[in-house]
Amino acid sequence: MVNQQWPIWMAPLTRSRAMQPGNIPTEMHAEYYAQRAHPEDGAIAIISEATPVCPEGHGYFATPGIYTEEQVDGWKKTTRAVHEVGGKIYCQLWHVGRVSHVSLQPNGNAPVSSTTTLGGGKTYIDAKGTRVKTSAPRALETAEVHDVIEKFRIAAGRCMKAGFDGVEIHGANGYLLEQFLRSGINDRSDEFGGSLENRLKVCLEIAKSISSEIGADRTGYRISPISGELEGGRFDENMEETYASLAIGLADLDIAFIDVVESFSVGVREEGLDAICARIRKAFPGGDSKLYLAGGGYTRESARAALDSKRCDGVIFGRDFISNPDLQKRLRENLPLTPWERRSFYLGGAEGYVDWPTFEDESEGA
Ligand SMILES: Cc1cc2nc3c(=O)[nH]c(=O)nc-3n(C[C@H](O)[C@H](O)[C@H](O)COP(=O)(O)O)c2cc1C
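Notes on the structure follow. (Residues numbered from 1 in each chain as written. Predicted model: local features only at pLDDT ≥ 70, side-chain atom pairs only at ≥ 80, totals over all residues.)

1. Details of the overall build of the protein chain
In step 1: When its secondary structure is counted, the protein chain shows 11 helices and 12 strands.
In step 2: Here the C-alpha radius of gyration of the protein chain, 19 Å, is about what a compact globule of 366 residues would show, namely 21 Å.
In step 3: Taking the principal axes of its C-alpha atoms as reference, the protein chain extends roughly 60 × 45 × 35 Å.
In step 4: Expressed as a percentage of its 366 residues, the buried residues of the protein chain come to 48%. (Helix = DSSP H or I, 4+ residues; strand = E, 2+ residues; numbered from the N terminus. Rg over C-alpha atoms; globule rule 2.2 N^0.38 Å. Buried ≥ 20, exposed ≤ 12 C-beta atoms within 10 Å, placed from the backbone.)

Rendered as structure tokens:
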């Protein structure tokens, strides 16, 4: 049994190492992803770092986009390298909405959102990692919301050109789609605000247009049905109903997987989360499609337990994949993990990015 594959996926991880100017992925991205892409030792599939679909979608310095030809060509290096080792990679499509700063926006404009209310929180705006408060947003006009939906569709088409196996729509962690979804943020009175049905509209329209562009079997969606009290103003008056309804809407579109961020830290599960997850699981029951991926604070033991109990079809690991390119092998064979280091998460170069050894490398070096 020891050698049987575990369905371990690599989580989307922003590392802020895109080439400037132009926010273009490089050879180093290709090396980094390929190191983690071996389906027997590394990830069964990788979700790329969050990738803005348009210039307004950026909220942090040096995040690689997918809206120019140069970026598409840059990503081709990564998809080629991943496929060469037999791996699979989905592009995480991103729009940060109000989680941005004027200095990262075209012409120094205000970031856009569902609302004019400031989200709180900080971002980094340059290569030195200077941290500043996010800027006050401008609410998108109704016609502009339709444009955003279109930008996601076009970006998904570009992902196919770049050689990705599919896309994951970033609907989690307080960014634009969540800014439309949650009742405590969305204060609009047009067709995209008010009722739950209206708040779901952007999320489902994006999923629908991407599915028709590239195929539902190539489309996934990330959600985080947790309160996110850490960053102010992410309230929803009925988390369970909101997220269960979204999951049902996505399942009706027949998308390939839902990726559920269940927590930000090891061993912490918010009250009410189990009920939400159970309803999402019902909509995404697994099998050959409609996979439920669980992530956030998982360990070897909790991942194994979740898989054995069939609570999910795959477990998605983030930070442990940064410092353990052969994470699946280490989990499966109960080998020790190399601890990650926060200081090399974002910005910088090769150090802390492409220099993490596999267990085999470590043993040979010892
Ligand atoms: C350095 C870093 C970058 C991240 N970037 C993203 C991202 O681009 N998109 C996303 O959806 N989540 C992002 N996350 C969240 C992770 O995907 C994951 O949900 C989180 O790390 C919890 O999982 P873990 O306990 O396995 O690390 C990031 C987390 C970290 C630590």
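After presenting the structure, the write-up continues.
2. Focus on the site of the ligand
In step 1: What surrounds the ligand is a group of 22 residues, the closest being A11, P12, A50, G318 and R319.
In step 2: Looking at the shell around the ligand, the elements that each hand over two or more residues are β2 (46–52) and α9 (319–323).
In step 3: Looking at the shell around the ligand residue by residue, the classes come out as 10 nonpolar, eight polar and four charged. (Near = placed C-beta within 6 Å. Nonpolar A, V, L, I, M, F, W, Y, C, P; charged D, E, K, R; others polar.)

3. Side note on unusual backbone geometry
In step 1: Across the junction of Q20 and P21, the peptide omega takes the value -10°, indicating a cis bond.
In step 2: Tracing the sequence through the fold places P21 in the loop between β1 (8–10) and α1 (27–35).
In step 3: A positive phi angle, close to 70°, is found at D254, a residue other than glycine.
In step 4: With respect to the element layout, D254 can be found in the loop between α6 (239–252) and β10 (257–261).
In step 5: Phi at K310 is positive, roughly 60°, even though this residue is not glycine.
In step 6: If you trace the backbone, K310 turns up in the loop between α8 (300–308) and β12 (314–317).

4. Side note on the pairing of β10
Consecutive side chains along a regular strand alternate between the two faces of the sheet.
In step 1: Buried residues dominate β10, accounting for five of its five residues.
In step 2: Of the two faces of β10, both are covered, the one formed by F257, D259 and V261 as well as the one formed by I258 and V260.
In step 3: As paired elements, strand β9 (residues 219–223) and β10 share four bridges and run parallel to each other. In the strand pairing of β10, R222 is matched with D259.
In step 4: Bridge count between β10 and strand β11 (residues 291–295): five bridges; the pairing is parallel. Along β11, the bridge assignment pairs V261 with G295.
In step 5: Handedness of the β10-helix α7 (residues 273–283)-β11 crossover: right-handed. (Pairing = 2+ DSSP bridges. Right-handed = clockwise from strand over helix to strand, strands pointing away.)

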